[in-house]
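Residues per chain, in single letters:
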Amino acid sequence: MGMDFYKTLGISRNAKDDEIRKAYRKLALKYHPDKNKTREAGERFKEVAEAYEVLSDKKKRDIYDQYGEEGLKHGIPGPQSDSNSPRRTYQFHGDPRATFAQFFGFCDPRELFGAAFHMDFDNSPLPGEEASRLEQDPPIEHDLYVDLEDINTGCSKKMQISRIRIVGQGLPRKETKVLNIEIKPGWKSGTKLTFSREGDESPNRIPADIVFIIRDKPHSLFKRDGSDICYTAHISLKQALCGATIELPTLQGDSIIYKSNGEIITPHTVKKYKDRGLPQSKNPSQRGSLCVKFDIEFPDKLPHRLVASLEQLLPNC
């Protein structure tokens, strides 16, 4: 069961934008670790920030309302539930102070607490109302190449980014941050993971989202076709006609022995081994197939005596 972001902010599911901002403002001030020293304040401060990040963004809120937290973080079905469409995912950037600073205009929390805690939270002007009119910088996209072995099992990647942050009296400072990326088994090439507002900060602008786009890293043995894995076995003309025993590699690390057993192998022959491909992104317990194609090496020329023998032996078909 995922988080109930509406319950976290203490609002109804049909709450309007100003109600969301007002709820976040009140709870962020209440649980900010610089003001609230209780043990649970830090975790509540983070939960409130994540709830606000999702519910204050119309696209994320629509997805959350339809698919819940699982849909946001573990893959959003593509248009019309097309299984071939890459999924879009969201991960909270993990820095509730950045959300707080963005909402309150990058002010020093100590200065804010000096006055804000003597104000009427429900009736005072909302900094978020002004911020909502700001334009956001366009998304910054990065391709993330992932080995097929990692797509097969799922993995975690750590990506370091550099960004500009506004500190103190509005001074820019360059900093680095490590983003944790959870890649689920079977994710398709083109799947996008969005880290909200992790771009450079600048006055009167909303920082850009950082978007990582999953790409399949070229493999020395296999090619991907959806959830299927394709492998090309190189054989001689003699093996194609007279029979062959071939050791086939798999993405799981073991081997499969294929025997033609008198079957003629042609350039169009394809052998499929079920459940030897990649997990299906929507249902990781099900897998695609290992598809084996054959590249037959033909000789450049044959001796005349052999050609004559073959003419006698081979059928006219």
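Figured I'd write up the structure that's included with this text. Within each chain, residues carry numbers counting from 1 in the order of the written sequence. With pLDDT at 70 or above as the cut-off, local features in this predicted model cover only qualifying residues; side-chain atom pairs require 80 or more to be listed or tallied, and sums for whole chains, interfaces and linings still use all residues. Side-chain metrics rest on all non-hydrogen atoms present in the structure, leaving aside hydrogens and water.

## Describing the side chain of Ser260
- The way it works is that DSSP assigns letters per residue, a run of H or I at least four long becomes a helix, a run of E at least two long becomes a strand, and they are numbered from the N terminus. Tracing the sequence through the fold places Ser260 in the loop between β10 (255–259) and β11 (270–273).
- Burial classes: relative accessible area under 20% of the type maximum marks a residue as buried, over 50% as exposed, and values in between as partly exposed (1.4 Å probe, protein chains only). Judged by its relative accessible area of 4%, Ser260 is buried.
- Beyond its immediate stretch of four places on either side in the chain, Ser260 contacts Gly243, Ala244 and Ile265. Whether two residues are in contact is decided by their heavy atoms: any pair within 4.5 Å suffices.

## A closer look at the nonpolar core
- By nonpolar core is meant a set of buried Ala, Val, Leu, Ile, Met, Phe, Trp, Tyr and Cys residues that side-chain atoms within 4.5 Å join together. Ile183, Ile214, Ile246, Leu248, Leu290, Val292 and Phe294 are the most contacted members of the largest nonpolar core, which has 34 residues in total.
- Setting aside residues up to four positions removed in sequence, Phe294 forms contacts with Thr232, Ala233, Ile235, Ile246, Tyr258, Ile265, Thr266, Pro267, Thr269 and Lys271.
- Membership of the second largest hydrophobic core comes to 27 residues, among which are Ala23, Leu27, Phe45 and Tyr64.

## A word on the sheet that holds strand β12 (residues 290–297)
- DSSP calls a pair of strands paired once it identifies at least 2 bridges connecting them. What the four strands build is an open sheet, ordered β7-β8-β12-β11; its pairing is mixed. The outermost strands of the open sheet, each flanked by one partner alone, are β7 (222–225) and β11. Put simply, the sheet's adjacent strands are angled 30° from each other on average, direction ignored.
- The pairing of strand β8 (residues 228–236) with β12 spans eight bridges and is parallel. By the bridge assignment for β12, Cys230 is matched with Cys291. In this analysis, axes come from line fits to C-alpha atoms, helices being fitted only over the stretch in contact, and the angle between any two N-to-C directions falls in the range 0 to 180 degrees.

## Remarks on the pattern of salt bridges
- One side-chain nitrogen of Lys or Arg within 4 Å of one carboxyl oxygen of Asp or Glu is enough to make a salt bridge. For the structure on display, the rule yields 22 salt bridges.
- Asp57 is paired through a salt bridge with Lys60; the nearest N and O atoms lie 3.2 Å apart.
- Judged by its relative accessible area of 22%, Asp57 is partly exposed.
- Residue classification places Lys60 among the buried positions, given a relative accessible area of 8%.
- Each of Asp95, Arg163, Arg165, Arg173, Glu175, Lys177, Glu198 and Glu201 takes part in salt bridges that share partners, so that together they form one network.

## Brief notes about empty space enclosed by the protein
- Using a grid of 1 Å spacing that covers the protein atoms alone, one calls a set of points a cavity when a 1.4 Å probe fits there but cannot get out, and a pocket when the set is open and has protein on both sides within 12 Å along at least five of seven lines; lining residues are those with an atom within 4 Å of a point. Grid points are joined across faces, edges and corners, and a volume is the space filled by probe spheres set on the points. Inspection of every chain in the model, using the stated rule, returns one cavity of 30 Å³ or more.
- Estimates place the volume of the largest cavity at around 50 Å³.
- What lines the largest cavity is simply Glu53, His93, Ala98, Thr99, Gln102, Arg165, Arg197, Glu201 and Pro207.
- The leading source of residues in the lining of the largest cavity is helix α5 (residues 96–103), at three residues.
- A breakdown of the residues in the lining of the largest cavity according to their chemical character gives two nonpolar, three polar and four charged. Three classes are used, and their members are as follows: Ala, Val, Leu, Ile, Met, Phe, Trp, Tyr, Cys and Pro are nonpolar, Asp, Glu, Lys and Arg are charged, and the others, Gly among them, are polar.

## A look at the packing of aromatic side chains
- Pairing of aromatic rings covers Phe, Tyr and Trp, the last counted by its six-membered ring, and requires centre-to-centre distances within 6.5 Å; plane angles under 30 degrees mean stacked, over 60 mean edge-to-face, and any other angle means tilted. With the rule as written, the count across this model stands at nine aromatic pairs.
- Each member of the aromatic cluster is reached from another via a ring pair, and the members are Phe5, Tyr6 and Tyr64.

## A short note on a nonpolar patch on the surface
- Nonpolar side chains collect at one region of the surface, where Leu302, Leu306 and Val307 lie side by side and expose about 200 Å² of accessible area between them.
- Within the secondary structure layout, Leu302 lies in the loop between β12 and α10 (304–313).
- Leu302 gets classed as partly exposed once you look at its relative accessible area, which sits at 37%. Residues form patches when they are more than 30% accessible in relative terms and have no salt bridge. Like charges link within 9 Å. Nonpolar side chains (Val, Leu, Ile, Met, Phe, Trp, Tyr) link within 5 Å. Here the accessible surface of atoms and residues is derived via Shrake-Rupley with a 1.4 Å probe, and residues count as covered only by protein chains that are part of the display.

## Some thoughts on the side chain of Thr191
- Locating Thr191 in the fold gives a position in the loop between β4 (171–183) and β5 (192–195).
- A relative accessible area of 1% means that Thr191 is categorised as buried.
- N or O atoms closer than or at 3.5 Å make up a polar contact, with two conditions inside protein: a donor-capable atom paired with an acceptor-capable one, and, for residues adjacent in sequence, both atoms drawn from side chains. Here Lys188 takes part through its backbone oxygen, which lies 2.8 Å from a polar atom of the side chain of Thr191.

## A closer look at unusual backbone geometry
- Phi at Arg197 takes a positive value of approximately 55°, unusual for a residue other than glycine.
- Position of Arg197 among the secondary structure elements: in the loop between β5 and β6 (210–216).

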